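So the chains spell out like this:
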Amino acid sequence: MSLVRRALAEDAEEVLRLRQVMIDSVSPAAPTDWQAASLPGLRERLADPDGEFAAFVVDHPERQEALAALVVGTLEYRIGGPNRPGGLLGYVFSVATDPDARRRGYARACMDELLEWFRERGAGHVMLTASPDAEPLYESLGFTRDTTPSMRLYL
């Protein structure tokens, strides 16, 4: 039996806590005031098992009602092309493990479930942004560096 399960609406606050763990790892002392505004939308998406959003989690083995690890991704449609004729791609945007639950394989197990979820839905490829610490995990799962430049505009 797998330790990994699909996150539910009632996991939303813990999902946000682990997302903050991830954010803090790249930007220490980042604000947390965004969480209250994010909570209703997150609960809605977690309650929709057929949507284009999925979170996979591992329950914390030592702390009841806490999560040990989290992986979150979305399916996105873009007009197809030579390498993705169906137009679907997966995007992983949150991978976090509680500091006291690291080095137990939880993030890998959650990633395996999310990648299978993407495959079942026909995603042609999966994208993510990797921190230097996480890069070995992603490489071991078959991810490679993307050479396409990326730009961003905040609205």
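Re the packing of helix H1 (residues 12-26) against helix H2 (residues 35-46)
Two elements in contact, H1 and H2, have axes separated by 9 Å at closest approach and are oriented at 125°. In terms of orientation, H1 lies oblique with respect to H2. Crossing geometry of H1 relative to H2 is assigned as right-handed. On the side of H1, the interface is formed by Ala12, Glu13, Val15, Leu16 and Gln20, while H2 contributes Gln35, Ser38, Leu39, Leu42, Arg43 and Leu46. Residue composition of the contact of H1 with H2, by class: six nonpolar, three polar and two charged.

Observations concerning the side chain of Thr97
One can find Thr97 in strand E4 (residues 88-97). Accessibility expressed as a relative area gives 12% for Thr97, which makes it buried. Ignoring any residue separated from it by four or fewer positions in sequence, one finds Thr97 in contact with Leu18, Val21, Ala68, Ala69, Arg102 and Ala107.

Here we look at H1
Taking 1.5 Å as the rise per residue, H1 with 15 residues should run 21 Å; its terminal C-alpha atoms sit 22 Å apart, in good agreement. Buried within H1 are the following residues: Ala12, Glu14, Val15, Leu16, Leu18, Gln20, Val21, Met22 and Ile23. Where H1 is buried, its residues touch H2, strand E3 (67-77) and E4.

Digging into the nonpolar core
In this structure, Met111, Leu114 and Phe118 are the most contacted members of the largest nonpolar core, which totals 24 residues. For this core, the secondary-structure elements that each account for two or more residues are strand E2 (53-59), E3, E4, helix H3 (106-120) and helix H4 (135-140). Here the element with the most residues in this core is H3; it accounts for eight residues. Not counting residues up to four positions away in its chain, the partners in contact with Phe118 are Gly73, Thr74, Leu75, Gly90, Tyr91, Val92, Ala123 and Val126.

A word on the pairing of E3
E3 sits mainly inside the fold: nine of its eleven residues count as buried. Bridging between E2 and E3 involves seven bridges; their strand directions are antiparallel. Paired with Ala54 across the two strands is Gly73, which belongs to E3. One ladder, built from nine bridges, connects E3 with E4; its direction is antiparallel. Pairing of Leu75 across the sheet is with Gly90, part of E4.

Here we look at the environment of Arg5
Considering the arrangement of structural elements, one finds Arg5 in strand E1 (residues 4-6). Sequence separation between Arg5 and Asp50 is 45 residues, and the spatial gap between their C-alpha atoms is 15 Å. Once residues lying within four places of it in the same chain are set aside, the contact partners of Arg5 are Asp11, Ala55, Phe56, Val57, Asp59 and Leu67. Here Asp11 takes part through its side chain, which lies 2.7 Å from a polar atom of the side chain of Arg5.

Details of the sheet that holds strand E5 (residues 126-128)
With respect to topology, five strands assemble into an open sheet ordered E1-E2-E3-E4-E5, the strand pairing being mixed. Edge strands, defined here as strands with exactly one partner in the open sheet, are E1 and E5. Shown here is a sheet whose adjacent strand axes are inclined to one another by a mean of 25°, direction ignored. Sheet strands touched by H3: E1, E2, E3, E4 and E5. Its angle to E3, the strand with the most contacts, is close to 25°.

Criteria and thresholds
- Residues numbered from 1 in each chain as written.
- Predicted model: local features only at pLDDT ≥ 70, side-chain atom pairs only at ≥ 80, totals over all residues.
- Heavy atoms only, no water.
- Axes fitted to C-alpha atoms, helices over the stretch in contact; angles between N-to-C directions.
- Helix = DSSP H or I, 4+ residues; strand = E, 2+ residues; numbered from the N terminus.
- Parallel < 35°, antiparallel > 145°, perpendicular 65-115°, else oblique.
- Left-handed = near helix turned anticlockwise from the far one by under 90°.
- Contact = heavy atoms within 4.5 Å.
- Nonpolar A, V, L, I, M, F, W, Y, C, P; charged D, E, K, R; others polar.
- Buried < 20%, exposed > 50% of the residue type's maximum accessible area, 1.4 Å probe, protein only.
- Expected span 1.5 Å × (residues − 1).
- Core = buried A, V, L, I, M, F, W, Y, C linked by side-chain atoms within 4.5 Å.
- Pairing = 2+ DSSP bridges.
- Polar contact = N/O pair within 3.5 Å; in protein donor to acceptor, adjacent residues only side chain to side chain.

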